[in-house]
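Inside the fold
Listed here are the chains, written in short residue letters.
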Amino acid sequence: MKIKSVRTRVFEWNGKVVPPAANFCTNAADLLYERGDSMGSFRFHGWLVCEVETEDGSIGLGNAALAPRVVKAAIDQYYAPMLIGEDPFDTEYLWQKMYRKTHAWSRKGIGMTAISAIDIALWDLMGKEVGRPVFKLLGGRTKDKIRCYASKLYGQPLDALRAEAQSYVDQGFDAVKMRFGWGPKDGPAGMRKNLELVATVRDVIGPDRDLMCECYMGWTFEYARRMLPKLEAYDIRWLEEPVIADDIEGYTELRKLGHVPISGGEHEFTLAGFQQLLDRRALDVIQYDTNRVGGISAARKINALAEAYQIPVIPHAGQMHNYHLTMASTASPMAEFFPVHEVEVGNELFYYLFKGEPQPDNGFLQLDDHKPGLGIELSHEHIGAFDVIE
Ligand SMILES: O=C(O)C(=O)C[C@@H](O)CO
Ligand SMILES: [Mg+2]
């Protein structure tokens with residue numbers, strides 16, 4: 001069986017968007033002097049879909065959300081020609097071929113995101129060819145069902161935050177993730193407002209549910225060091241990406257302080273990247289995203305490394321490419337879940353674009369033992385709300 005074609009399309013949302021509230025979520029651009037839209041690098045209103053087709057007409061579906069138009073160009077110009085005529089089951093060879101032939105620019109960022117989308121498509125294709133779900137190709141079921149946490153709770157007026165947190169409790173979630181709204185530029189008053197957000201959510205969910213807090217790289221080392229002791233009282237499961245992804249030493253030092261566990265990795269790439277993070281004892285929780293890190297071929301190696309280091313892997317974002325790895329690894333105790341709602345930052349766009357994603361039941365997700373591949377397909381329900389770039 002040989003690969004006949006690689007098709008890429010970008011689906012850009014042109015439908016209704018809910019504007020984010022003020023102090024919605026800190027992010028890496030907050031430190032800049034310039035005004036303008038500091039949320040610009042934060043939105044995911046476009047998605048890349050990559051379809052790898054074999055001579056027998058089978059199609060594997062991959063996807064990526066980072067810089068989709070640029071990733072599309074990278075696939076079309078560089079990676080697609082490398083795949084034509086190859087056997088899709090040679091995933092390791094093909095991954096290394098894509099990685100090594102573009103090594104000068106593909107180790108991180110755009111290139112690795114493109115490789116990820118293709119690799120996910122290859123695994124979907126393999127599953128479809130043998131009639132088994134991807135998690136069965138990765139070692140099989142390691143849990144009855146996947147515990148998941150509700151991930152939203154962006155900054156907003158406290159009564160609205162309270163109501164949203166309560167809705168997750170009512171739906172049966174026993175873990176939630178919230179976002180901070182203020183950072184270094186906002187001084188002690190901002191610190192107090194951040195703590196009010198945490199206190200509100202903790203008050204609603206009580207002491208027996210996990211609470212995670214997201215900085216999205218919007219803090220500095222110094223700011224995080226001051227915040228950590230103040231957060232200790234709220235028994236936080238982890239503080240996420242307190243500093244930019246390149247500040248590995250910052251992660252290590254914050255972790256050493258021992259106030260609150262530190263998580264990260266959604267902006268890191270490949271096995272080599274995670275080896276550095278783990279060697280430097282930078283993380284308490286690993287959060288790669290399969291559609292950035294190098295696809296399923298890279299993510300499963302990171303799972304093995306994490307197992308050796310005994311560090312849990314709780315991938316960034318829900319979504320099927322991550323769920324299959326979580327199901328197949330004892331290193332993964334839980335998954336993230338983005339509640340479905342109107343399009344806001346775009347985390348929720350996956351649901352508008354694909355169908356087949358499992359919905360949580362009392363805080364748990366289930367994968368079907370009999371659905372081949374990833375178990376998702378393009379949805380036509382909302383297709384009119386997308387501009388499609390071929
Ligand atoms: O869910 C996360 O971990 C993210 O980083 C999502 C992003 O939208 C920031 O909240
Ligand atoms: Mg995050």
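Residues take numbers from 1 onward in each chain, read along the sequence in its written order. Naming scheme: in the order in which they are written, chains are lettered from A and ligands are numbered from 1. Whole-chain, interface and lining totals are the exception, using all residues; otherwise, since this is a predicted model, local features are given only for residues with pLDDT of at least 70 and side-chain atom pairs are given and counted only at 80 or more. Water and hydrogen atoms play no part in the side-chain values, which are based on all heavy atoms of the structure.

The domain limits used here are those given by an automatic or database domain assignment. When cut into domains, the protein chain gives domain 1 (3-131) and domain 2 (137-379). Averaged C-alpha coordinates put domain 1 and domain 2 at centres separated by 21 Å. Two parts lose some accessible area (1.4 Å probe) when they are put together, and adding that loss for both gives the buried area. When domain 1 packs against domain 2, the two sides together hide about 4,400 Å² of surface, and 65% of this comes from carbon and sulfur. Considering only the surface of domain 1 that becomes buried against domain 2, Phe-24, Thr-26 and Trp-123 emerge as the three largest contributors, covering 16% of it. Criterion for a salt bridge: a side-chain nitrogen of Lys or Arg within 4 Å of a carboxyl oxygen of Asp or Glu. At the surface where domain 1 touches domain 2, the tally comes to three salt bridges. Put simply, Glu-92 and Lys-301 hold a salt bridge, and the shortest N to O gap is 2.8 Å. Between N or O atoms, a polar contact is any pair within 3.5 Å; within protein, one atom must be a potential hydrogen donor and the other a potential acceptor, and residues adjacent in sequence are included only when both atoms are from side chains. Applying the counting rule to domain 1 against domain 2 returns 23 residue pairs in polar contact (both at pLDDT 80 or more). Contributing elements (two or more residues each) for the side of domain 1 that touches domain 2: strand E1 (3-13), strand E2 (46-54), strand E3 (59-64), helix H2 (91-101) and helix H4 (110-130). Helical segments are the DSSP runs of H or I of at least four residues, strand segments are the runs of E of at least two, and each set is numbered from the N terminus. Element by element, the count of residues in the side of domain 1 that touches domain 2 is highest for H4, at eleven residues. Tallied by class, residues from the side of domain 1 that touches domain 2 come to 26 nonpolar, 13 polar and eleven charged. Ten residue types, Ala, Val, Leu, Ile, Met, Phe, Trp, Tyr, Cys and Pro, are classed as nonpolar, four, Asp, Glu, Lys and Arg, as charged, and the remainder, Gly among them, as polar.

This part covers the site of ligand 1. The cutoff for a nearby residue is simple: one of its non-hydrogen atoms must lie within 4 Å of the molecule or strand. Around ligand 1, a shell composed of 13 residues is seen, among which Lys-177, Arg-179, Glu-214, Glu-240 and Glu-336 lie nearest. Burial of ligand 1 by the protein chains amounts to 100% of its free accessible area of 290 Å². Broken down by class, the residue content of the shell around ligand 1 amounts to four nonpolar, three polar and six charged. Where accessible areas are quoted, they stem from the Shrake-Rupley method and a 1.4 Å probe; at the residue level, only the protein chains shown are allowed to cover.

In this fold, Glu-266 is placed in the loop between strand E8 (262-264) and helix H10 (270-279). Given a relative accessible area of 1%, Glu-266 falls into the buried group. Looking at Glu-266, its side chain comes within polar contact range of the side chain of His-316, at 3.2 Å. Here, residues are in contact when the closest pair of their heavy atoms is within 4.5 Å. Beyond its immediate chain neighbours, meaning those up to four positions away, Glu-266 contacts Glu-214, Tyr-216, Glu-240, Glu-241, Gln-287, Arg-292 and His-316. Accessibility here uses a 1.4 Å probe with only protein chains present; expressed as a share of the type maximum, an area under 20% marks a residue as buried, one over 50% as exposed, and anything in between as partly exposed.

We now examine the packing of aromatic side chains. Pairing of aromatic rings covers Phe, Tyr and the six-membered ring of Trp, with a centre-to-centre limit of 6.5 Å; geometry is then stacked below 30 degrees between planes, edge-to-face above 60, and tilted otherwise. Counted under the stated rule, the structure contains 18 aromatic pairs. Their ring planes at 50° and their centres at 5.8 Å tell us that Tyr-79 and Trp-105 sit as a pair that is tilted. Of this pair, Tyr-79 sits in helix H1 (residues 68-83) while Trp-105 sits in helix H3 (residues 103-106), placing them 26 residues apart in sequence. Aromatic pair Phe-274 and Tyr-288: ring centres 6.4 Å apart, planes at 90°, arrangement edge-to-face.

Let us look at the coordination of the magnesium ion (ligand 2). A donor here means any N, O or S atom no more than 2.8 Å from the metal (3.2 Å for Na, K and Ca); water is not included, so a site may seem to lack partners. Listed as protein donors to the magnesium ion (ligand 2) are Glu-214 (OE), Glu-240 (OE) and Glu-266 (OE); their distances from the metal cover 1.9 to 2.1 Å. Mapped onto the sequence, the donors of the magnesium ion (ligand 2) take the spacing E-x25-E-x25-E. Taken together, the positions of Glu-214 in strand E6 (residues 210-214) and Glu-266 in the loop between E8 and H10 put the pair 52 residues apart, joining distant regions of the chain.

Here the focus is the packing of H10 against helix H12 (residues 295-309). The interhelical angle for the contact between H10 and H12, taken along N-to-C directions, is 15°, at an axis separation of 9 Å. Relative to H12, the element H10 is oriented roughly parallel. Taken as a pair, H10 and H12 cross one another with a handedness that is right-handed. Counted together, Thr-270, Leu-271, Phe-274, Gln-275, Leu-278 and Asp-279 of H10 and Lys-301, Ile-302, Leu-305, Ala-306 and Tyr-309 of H12 form the full contact between these two elements. Residue composition of the contact of H10 with H12, by class: seven nonpolar, two polar and two charged. A fitted line through C-alpha atoms serves as each axis, taken over the contacting stretch for helices, and the angle formed by two N-to-C directions is quoted from 0 to 180°. Reported orientations rely on four angle classes, namely roughly parallel under 35 degrees, roughly antiparallel over 145, roughly perpendicular from 65 to 115, and oblique for the rest. Should the near helix be turned counterclockwise from the far one by less than a right angle, the crossing is left-handed, whereas a clockwise turn marks it as right-handed.

Residues annotated by UniProt as "domain: Mandelate racemase/muconate lactonizing enzyme C-terminal" (unreviewed entry) correspond here to residues 158-261. Between the end C-alpha atoms of residues 158-261 the distance is 25 Å, and the span holds 51% helix and 12% strand. UniProt positions are given in the numbering used here, feature names are shortened, and annotations may be inferred rather than shown by experiment.

Moving on: the nonpolar core. For soluble globular proteins, nonpolar side chains are generally found buried alongside one another. Ile-75, Leu-231, Leu-239 and Ile-286 are the most contacted members of the largest nonpolar core, which totals 124 residues. The element contributing the most residues to this core is H4, with eleven residues. Counting residues domain by domain, this core receives three or more from each of domain 1 (3-131) and domain 2 (137-379). Nine residue types can take part in a nonpolar core, namely buried Ala, Val, Leu, Ile, Met, Phe, Trp, Tyr and Cys, and a core is a set of them joined through side-chain atoms within 4.5 Å. Core analysis: the second largest hydrophobic core is formed by seven residues, Tyr-149, Met-212, Trp-238 and Ile-314 among them.

So, about a nonpolar patch on the surface. On the surface, Met-1, Phe-89 and Val-130 cluster together to form a nonpolar patch covering roughly 250 Å² of accessible area. On the secondary structure map, Phe-89 appears in the loop between H1 and H2. Every patch collects residues that have over 30% relative accessible area and no salt bridge, joining them within 9 Å if they carry like charges and within 5 Å if they are nonpolar side chains (Val, Leu, Ile, Met, Phe, Trp, Tyr).

For the coordinates displayed, the defined rule picks out 28 salt bridges. When the shortest N-O distance is used, the salt bridge between Arg-69 and Glu-12 registers 2.7 Å. Taken as a pair, Arg-69 in helix H1 and Glu-12 in strand E1 lie far apart in primary sequence, 57 residues in all. For Lys-177, the salt bridge identified is with Glu-336, shortest N-O distance 3.2 Å. Of this pair, Lys-177 sits in strand E5 (residues 175-179) while Glu-336 is found in strand E10 (residues 335-337), placing the two residues 159 residues apart along the sequence. What makes Lys-177 buried here is its relative accessible area of 0%. Connected through salt bridges with shared partners, the residues Lys-177, Arg-179, Glu-214, Glu-240 and Glu-336 form a single ionic network.

With that settled, consider the pairing of E5. E5 sits mainly inside the fold: five of its five residues count as buried. Side chains Ala-175, Lys-177 and Arg-179 project from E5 onto one buried face, and the interleaved Val-176 and Met-178 project onto a second face that is buried too. Note on the crossover from strand E4 (residues 146-151) through helix H6 (residues 158-170) to E5: the handedness is right-handed. Two strands qualify as a pair provided DSSP detects at least 2 bridges between them. Note: E5 against E6, five bridges, orientation parallel. Bridge pairing links Ala-175 to Asp-210 in E6. Crossover handedness for the path E5 to helix H7 (residues 187-205) to E6: right-handed. Crossovers are marked right-handed if the path from the first strand over the helix to the second runs clockwise, as seen with the strands pointing away from the viewer.

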